[in-house]
Amino acid sequence: MSVLWREKMSIQEYWTGPIVDQHIHLDRENRYLGAIEDFVISGGSGIMLVHKPDFHSRLPLTTEEYKKEYENTIRMGKEIRSKFKIDVGIVLGPHPVVWEKQSKSIGLAKSSELHLEAIKLALDYIENDQAHCLGEVGRPHYSVSTDIWDQANEILLETFSLAKSAGTSVQLHVEENGEKTCEELSKLCSLANFPKEMAIRHFSPPNISQNFNHGLSSTINMGKNSILGICETIQHSKSMWGMETDFLDDDMRPGAVLGPKTIPKRTQEFYSELVTRDFDEDKINEILLNVHCNWPNQLYGLDFDSNQERR
Ligand SMILES: [Zn+2]
């Protein structure tokens, strides 16, 4: 038996530390607690619960309606914490797609005004420690008119300024245009004097290199090829990154996104892949503790537990 082989054998067969899904939506009318049960049974220990806009019925037209939705998300967080004893952070903010859709019915000026009010309201909850991140905010992921696009960028710039005053991180819903998207967002952060590492690109492709993310943080949507992408770019990574499903809990769109068991499963696959690639045990622990504990704590001001042993 070679020395190397023996060393590999001494490493635990699977990851027993914390596992956090940084972007998950839940709906009382759909799977809700059942989805969290799946996550916990698979080894999950913490989530960032993101406010879910109700695209199927009427979109909110007043800040009062936003307030109701935000408070519902906060209440769900409390229910999950008490039932499953896992760590839950709350992400509140108006969705950019809601803003774009509403601009068609109530006009761009009115929808923009409401959008900024909803952002300020979310920041109030964050400043009161009832929520831990602003999101998902950003710009539409599909092509829109120049007017809409310019306005989206103006709102985003203002959003970064407001988030800076509140001292919070921001989860960003943006278009998929590779590195160029990150470069533009990074410029907006500079213009608003917002710390880039507190800008988190949500639904990020699995590229964590500095050349790609321009200093932004990211939560990677952990589809099938994500682990390969992470492993190929990890040597060139300098920023914080995490894992997410973007689970929608929407029975009208089954299979549209990854299921709640995905992050525990991918974390184990990632662990095995790092062992296979000859990362030593200390390095593996460092990487996984950063991803599932230290970085989320830094980004969201939370206390995700590093000693979680759940099996
Ligand atoms: Zn989302």
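Notes on the structure follow. (Residues numbered from 1 in each chain as written. Predicted model: local features only at pLDDT ≥ 70, side-chain atom pairs only at ≥ 80, totals over all residues. Heavy atoms only, no water.)

Observations concerning the environment of Gln22
(1) Moving on: Mapped onto the fold, Gln22 is located in strand β1 (residues 20-24).
(2) Moving on: Gln22 sits in the buried class, given a relative accessible area of 1%.
(3) Moving on: As a C-alpha pair, Gln22 and Pro296 span 274 residues in sequence and 8.0 Å in three-dimensional space.
(4) Moving on: Residues contacting Gln22, with those up to four places away along its chain left out, are Met48, Gln171, Thr219, Gly242, Met243, Glu244, Val291, Pro296, Leu299 and Tyr300. (Helix = DSSP H or I, 4+ residues; strand = E, 2+ residues; numbered from the N terminus. Buried < 20%, exposed > 50% of the residue type's maximum accessible area, 1.4 Å probe, protein only. Contact = heavy atoms within 4.5 Å.)

What to know about the layout of surface pockets
Regions of empty space are outlined by a rolling probe, equal in size to a water molecule, passed over the atoms.
(1) Moving on: Roughly 1,000 Å³ of volume is contained in the largest pocket.
(2) Moving on: Taken together, 41 residues make up the lining of the largest pocket; nearest its centre are Lys52, Pro53, Phe55, His95 and Leu248.
(3) Moving on: Those elements that place two or more of their residues in the lining of the largest pocket are α3 (63-84), α4 (96-106) and β6 (199-204).
(4) Moving on: Ranked by the residues each element gives to the lining of the largest pocket, the list is headed by α3, at six residues.
(5) Moving on: Residue composition of the lining of the largest pocket, by class: twelve nonpolar, eleven polar and 18 charged.
(6) Moving on: In terms of lining, the second largest pocket is formed by Ile234, Gln235, Ser237, Lys238, Ser239, Trp241, Phe279, Lys283, Glu286, Ile287, Asn290 and Trp295.
(7) Moving on: Among the elements that line the lining of the second largest pocket, the one with the most residues is helix α11 (residues 281-300), at five residues. (1 Å grid on protein atoms, 1.4 Å probe; cavity = no way out; pocket = protein on both sides within 12 Å on 5 of 7 lines; lining within 4 Å. Points joined across faces, edges and corners; volume = space filled by probe spheres on them. Nonpolar A, V, L, I, M, F, W, Y, C, P; charged D, E, K, R; others polar.)

Concerning the nonpolar core
(1) Moving on: Counting 87 residues, the largest nonpolar core has Ile80, Trp241 and Phe270 as its most contacted members.
(2) Moving on: Per-element accounting of this core gives the leading share, nine residues, to helix α5 (residues 108-127).
(3) Moving on: The contacts of Trp241, once residues within four sequence positions are left out, are Ile208, Ser218, Ile220, Ile230, Ile234, Phe270, Ile287, Val291 and Trp295. (Core = buried A, V, L, I, M, F, W, Y, C linked by side-chain atoms within 4.5 Å.)

Examining the pairing of β6
(1) Moving on: Taking burial as the measure, the six residues of β6 include five buried ones, the bulk of the element.
(2) Moving on: Sheet topology places strand β5 (residues 170-173) next to β6; three bridges connect them, and they run parallel. Bridging from a neighbouring strand, Gln171 pairs with Ile200 of β6.
(3) Moving on: Handedness of the crossover joining β5 and β6 through helix α7 (residues 178-192): right-handed. (Pairing = 2+ DSSP bridges. Right-handed = clockwise from strand over helix to strand, strands pointing away.)

The quantities given are spatial measurements derived from coordinates; they are silent on function.
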